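# Observations on the three-dimensional arrangement
The lines below spell out each chain.
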Amino acid sequence: QVLIDRLEEQIPGIKEQIEYYEMGTAKTIKRYTLNPHGTVYGFAQTPEQSFMKRPQHRSGIPGLYFASAWAMPGGGFSGAMYSGAMCAGKVLKDLRA
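Residues numbered from 1 in each chain as written. Predicted model: local features only at pLDDT ≥ 70, side-chain atom pairs only at ≥ 80, totals over all residues. Heavy atoms only, no water.

## Quick word on helix α4 (residues 76-96)
- Helix length check: α4 (21 residues) gives 30 Å between terminal C-alpha atoms against 30 Å at 1.5 Å per residue, within 8%.
- Listed as buried for α4 are Gly76, Gly79, Ser83, Met86 and Cys87. In a view along the axis of α4, the buried residues occupy a sector of 100°, so they form one face of it. Exposed side chains of α4 directed beyond 90 degrees from the buried face belong to Phe77, Ser78, Met81, Leu95 and Arg96. (Helix = DSSP H or I, 4+ residues; strand = E, 2+ residues; numbered from the N terminus. Expected span 1.5 Å × (residues − 1). Buried < 20%, exposed > 50% of the residue type's maximum accessible area, 1.4 Å probe, protein only. Arc of directions from axis to C-beta.)

Encoded structure:
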């Protein structure tokens, strides 16, 4: 509600245009995803924990692959989706081999 009140100060009349809003916090994310502390990006987005330094898609166990915001390339929804696409490509390549 505080954010909507602040928005109303900047754009008078906007409150009347809002039909629905939903709020989530780190606790909400933790409840739905079980991510530690409700993180949405996986590991911290630092040079030490980004892209190739994240867990790779292939594990040491045949047939076990990883795709998520925690795996390479990581970082939120788009990182997780790209991770899934990259991982799927590796799975298909391995199936053809």
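## Details of unusual backbone geometry
- Look at the link from Met72 to Pro73: it is a cis peptide, with omega at 0°.
- For His37, which is not a glycine, the phi torsion comes out positive at approximately 60°.
- Within the secondary structure, His37 sits in the loop between α3 (26-33) and α4.
- The exposed category is assigned to His37, whose relative accessible area is 74%.

## With respect to a nonpolar patch on the surface
- A cluster of nonpolar side chains, namely Leu7, Ile11, Ile18 and Tyr21, defines an oily patch on the protein surface of about 330 Å² accessible area.
- With respect to the helices, strands and loops of the structure, Ile11 is situated in the loop between α1 (2-10) and α2 (14-17).
- Under the relative-accessibility criterion, Ile11 is labelled partly exposed at 41%. (Patch = residues over 30% accessible without salt bridge, like charges linked within 9 Å, V, L, I, M, F, W, Y side chains within 5 Å. Areas by Shrake-Rupley, 256 points an atom, 1.4 Å probe, with all protein chains shown as cover. Salt bridge = Lys/Arg side-chain N within 4 Å of Asp/Glu carboxyl O.)

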